[in-house]
Amino acid sequence: MADPSSYRPKPGQIPDSPGVYKFRDEHRRVIYVGKAKNLRQRLANYFQDLAALHPRTRTMVTTAASVEWTVVSTEVEALQLEYSWIKEFDPRFNVKYRDDKSYPYLAVTLNEEFPRVQVMRGAKKKGVRYFGPYGHAWAIRETVDLMLRVFPVRTCSAGVFKNAARTGRPCLLGYIGKCSAPCVGRVTPEEHRELAVDFCDFMAGRTGTYIRRLEKDMMAAAEEMEYERAARLRDDVEALKRAMEKSAVVLADATDADLIAVAEDELEAAVQIFHVRGGRVRGQRGWVTDKVENVDTSGLVEHALQQLYGEETGDSVPKEVLVPALPEDPDSISQWLADRRGSHVSLRIPQRGDKKDLMATVQRNAQQALGLHKTKRASDLTTRSRALEEIAEALGLDTAPLRIECFDISHLQGDDVVASMVVFEDGLARKSEYRRFQIKGFEGQDDVRSMHEVIGRRFKRYLQEKERTGEWEETPAPTGPVPAVDGDTVALTGAARGTGTALLPAVAPGTDASSGPGTAPTGESVPGPGTGPVPDSAPDPDTEPREDDGRPKRFAYPPQLVVVDGGQPQVAAAKRALDELGIDDIAVCGLAKRLEEVWLPDDDDPVVLPRSSEGLYLLQRVRDEAHRFAITYQRAKRAKRIRSSPLDAVAGLGETRKQALIKHFGSVKKLRQATIDEICEVPGIGRRTAESVAVALASAAPATPAVNTATGEIIEEDDGAARHD
């Protein structure tokens, strides 16, 4: 626990300008980000007597080891920078709302030539129009089914669409009038896009225009005695009205607004949002958060607004935002919202009438959501705590293993050998800490040797991080290089022997100390004699975080327990790798699949946990997650290898020109038979590139045709990958 006075900035060093500040811990991780109108006044509040601080604030400042700040020109800039830093660093002491479920949206893919209406979840994509969120996917499908009578927009997948275009026959919806069948040319791309735009306008609340137009057409058809057409139009009007009835009118003045309500107690808070468009509730969502910082209702509202609109622009930000309490600086928040929308946004508390009544409804939803969450979490916390305690008791650990890392090896008959590392903290998966490894120390199938290599590489990185940050604890062990796996060594510098210096306090005013020299890519192992870098995981090393940027480092934090997927041989290999690195404070165990036995190093008999044990269930979940992660990576790696093409060897030939060549000639086989002049006919292919393509294809021997053993079909090469004819 650090003393805040040890890193308190000197008097007068902190400016009195608007800005954003961040606290870092001893590992240089950013643990808290905040903004202030006056940096000097705000930061002074953190360095008063600890007894006078709120318990959460006291925990934060004693966890921190340094503080930095960046001066900005306006309070709006401070708000924007605070939001971007919270998104970038994910500080542990900042309020972070998490969705209590994954909400589905009704999406219209206007970025495609033939827009498609579908249900979407997850991150929003550029060029796609979203409506919602909805409580259930079936509610979206019911609404779409009613509206397709009037707006027969495409709803099929890309594969179904291409197959219909190839065969010249539309799908069932095209035959029953619920799709305009652009796949077979019944409508032009422009006509289909117009249908999609009309669909979006109706969903956005502009309903009266379309209903009046249909009623006018219905009356005209009846006057001309086209009774069948008039009946169809009548049914269309009824379908649209039924779709509208699914979202009742809540605000009579056709208001576009978002209503935000907060329910909170001492430890947690729940936020509920109702999205009202055209006076009707078009969507609803909820968030729950731990109150890890000392924050009141206005602060919770401000954090909710940042998360809700931080990635939104245009009409996604409504004209009016109704909240239970105004943020500390409502003018800056309103200006920030207006900048994102592109026009004025009203941020206020409803005082009377329908809006106040609707806010009360949203508030009741927030109270119910918080009560339901606390009920679920109380049970979940009890179960997870009992599981960790059972594991500690069964394995003879001094404390519960709050961080568990599990490793698994995956391959296909000795090819594409990979490994996975998954991390569970407090009994929950922490997917941002997952890592993938390629086995490069040898070729072939040897799970025990693979496990030894992976454990060694992972903890070699851990030792390097300790050495870099000067955290190495002084021990009576002899100085010099520590033996590592595969002949590599980890050299111990003076800092690694316990002579590292303390972290420096704040940076100079107006600067950002996060900049600094870059580090070696964390996906590489330390090169040993005659070896090159070994990529540990999929991310591009060029995108690795810099040395002191505050982001969580790859292998900087040790687990209390290492679990390996396997029995006694795998456990012995993992233990041997740790012993070779001089690590003796991390427990190791293995979980064998056959009888679900837990193996410990140097024990001839396994530990057998009861089948009803929560500890065994947690170990199984950790092991199964490692297996899933490993086999997913192995399959992806194998699929990439199978899809490899001779064209990959042509320098300067990107994916776009590869596809152009394949599209022009139809297959690699036909491209191999083409002359250089014929290759030059492809747009974007010059003579030099054509010669390189011809040389590459000539030097690559044609692959032996594969046979599908189930059907007897020959699998011929097409686009550089195997494809069934």
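Residues numbered from 1 in each chain as written. Predicted model: local features only at pLDDT ≥ 70, side-chain atom pairs only at ≥ 80, totals over all residues. Heavy atoms only, no water.

1. A few points about the sheet that holds strand β3 (residues 64-71)
Filter applied, for reference: DSSP calls a pair of strands paired once it identifies at least 2 bridges connecting them. The way it works is that DSSP assigns letters per residue, a run of H or I at least four long becomes a helix, a run of E at least two long becomes a strand, and they are numbered from the N terminus. Fitted lines through C-alpha atoms give the axes, limited to the stretch in contact for helices. The angle between two N-to-C directions lies from 0 to 180 degrees.
Pairing is antiparallel in the open sheet, where 3 strands are placed in the order β2-β1-β3. Edge positions in the sheet fall to β2 (30-36) and β3, since each of these pairs with one other strand and no more. Geometrically, the sheet is characterised by an average inter-axis angle of 20 degrees between neighbouring strands, direction not taken into account. In this sheet, β2 lies alongside strand β1 (residues 19-25) in antiparallel orientation, the contact comprising 6 bridges. Each residue of the ladder has a partner; that of Gly19, found in β2, is Ala36.

2. A word on the packing of aromatic side chains
Applied cut-off: Pairing of aromatic rings covers Phe, Tyr and Trp, the last counted by its six-membered ring, and requires centre-to-centre distances within 6.5 Å; plane angles under 30 degrees mean stacked, over 60 mean edge-to-face, and any other angle means tilted. When a residue's accessible area, from a 1.4 Å probe over protein chains only, is under 20% of the maximum for its type it is buried; when over 50% it is exposed; and in between it is partly exposed. When the NZ atom of lysine or the CZ atom of arginine is within 6 Å of a ring's centre and also within 35 degrees of its normal, the charge is said to sit over that ring.
The final tally for this structure, using the stated rule, is 15 aromatic pairs. Measuring from ring centre to ring centre gives 6.2 Å for Phe151 and Phe199, while their planes differ by 85 degrees; the resulting arrangement is edge-to-face. Of this pair, Phe151 sits in the loop between α4 (137-147) and α5 (158-167) while Phe199 is found in helix α7 (residues 189-203), placing the two residues 48 residues apart along the sequence. Take Phe151 and Phe199: they sit in the same class, and that class is buried. Grouped by ring-pair contacts, the aromatic residues Tyr7, Tyr21, Phe23, Tyr32, Tyr46 and Phe47 constitute a single cluster. Sitting over the face of the ring of Tyr175, Arg186 holds its NZ or CZ atom 5.9 Å from the ring centroid. The ring of Tyr633 carries Arg436 above its face, with NZ or CZ at 4.3 Å from the centroid.

3. Notes on unusual backbone geometry
Of note, the phi angle at Asp90 is positive, near 50 degrees, even though the residue is not glycine. Looking at the element boundaries, Asp90 is found in the loop between α3 (75-89) and β4 (98-99). The partly exposed category is assigned to Asp90, whose relative accessible area is 42%. Positive phi outside glycine occurs at Met225, with the angle close to 60 degrees. Inspection of the secondary structure assignment puts Met225 in the loop between α8 (208-223) and α9 (227-245). For Met225, a relative accessible area of 60% puts it in the exposed group.

4. Examining a negative patch on the surface
Under the convention used in this document: Without a salt bridge and with relative accessible area above 30%, a residue can belong to a patch; like charges are then joined within 9 Å and nonpolar side chains (Val, Leu, Ile, Met, Phe, Trp, Tyr) within 5 Å. Here, Shrake-Rupley sampling with a 1.4 Å probe gives the accessible areas, and only protein chains in the shown set may cover a residue. Just to be clear on terms, a salt bridge is a Lys or Arg side-chain nitrogen sitting within 4 Å of an Asp or Glu carboxyl oxygen. When charges are counted, Lys and Arg are positive and Asp and Glu negative, with His and the chain ends excluded. The location of each charge is read from NZ of Lys, CZ of Arg, CG of Asp or CD of Glu.
On the surface, a cluster of negative charge is made up of Glu113, Glu190, Glu191 and Glu194. With respect to the secondary-structure elements, Glu191 resides in helix α7.

5. Describing the pattern of salt bridges
Using the criterion set out here, one finds 26 salt bridges in the structure. Here Lys35 ties to Glu302 by a salt bridge, and the two come within 2.0 Å at their closest N and O atoms. With Lys35 in strand β2 and Glu302 in helix α10 (residues 297-309), the pair connects residues that are 267 residues apart, well separated along the chain. A salt bridge links Arg154 to Glu112; the nearest nitrogen and oxygen atoms lie 3.0 Å apart. Of this pair, Arg154 sits in the loop between α4 and α5 while Glu112 is found in the loop between β5 (105-108) and β6 (117-120), placing the two residues 42 residues apart along the sequence. Using a relative accessible area of 6% as the deciding quantity, one classes Arg154 as buried.

6. Considering the nonpolar core
Cut-off, in case you're wondering: The nonpolar core is taken to be a set of buried Ala, Val, Leu, Ile, Met, Phe, Trp, Tyr and Cys residues, with the residues joined through side-chain atoms within 4.5 Å. Any pair of residues with heavy atoms lying within 4.5 Å of one another is described as a contacting pair.
Ranked by size, the top nonpolar core spans 27 residues in total, and within it Phe407, Val454, Ile455, Phe459, Val562 and Ile583 carry the most contacts. Only β13 (403-412), β14 (415-425), α13 (447-469), β19 (561-565), α14 (568-580) and β20 (587-592) provide two or more residues apiece to this core. Aside from chain neighbours lying at most four places away, what touches Phe407 is Ser420, Met421, Phe437, Met451, Val454, Ile455, Arg458, Val562, Val563, Val564 and Asp565. In this structure, Val117, Leu195, Phe202 and Leu214 belong to the second largest nonpolar core, which totals 25 residues.

7. With respect to the confidence of the model for the protein
Reading fine detail from the predicted coordinates is not recommended where pLDDT is low. Quick note on the threshold: The pLDDT value tells you how sure the predictor is about a given residue, anywhere from 0 up to 100.
Summary statistics for the protein give a mean pLDDT of 77 and a share of 80% for residues scoring 70 or more. Scored below 50 in pLDDT, residues 717-725 makes 28 contacts in the model with residues more than four places away or belonging to other chains.

8. Examining the sheet that holds β5
On the basis of which strands lie adjacent, the open sheet formed by 3 strands has the order β6-β5-β7 and antiparallel pairing. Strand pairing shows two members of the sheet lacking a second neighbour, β6 and β7 (129-131), which therefore form its edges. The mean inter-strand angle of the sheet, taken between neighbouring strand axes irrespective of direction, is 30 degrees.

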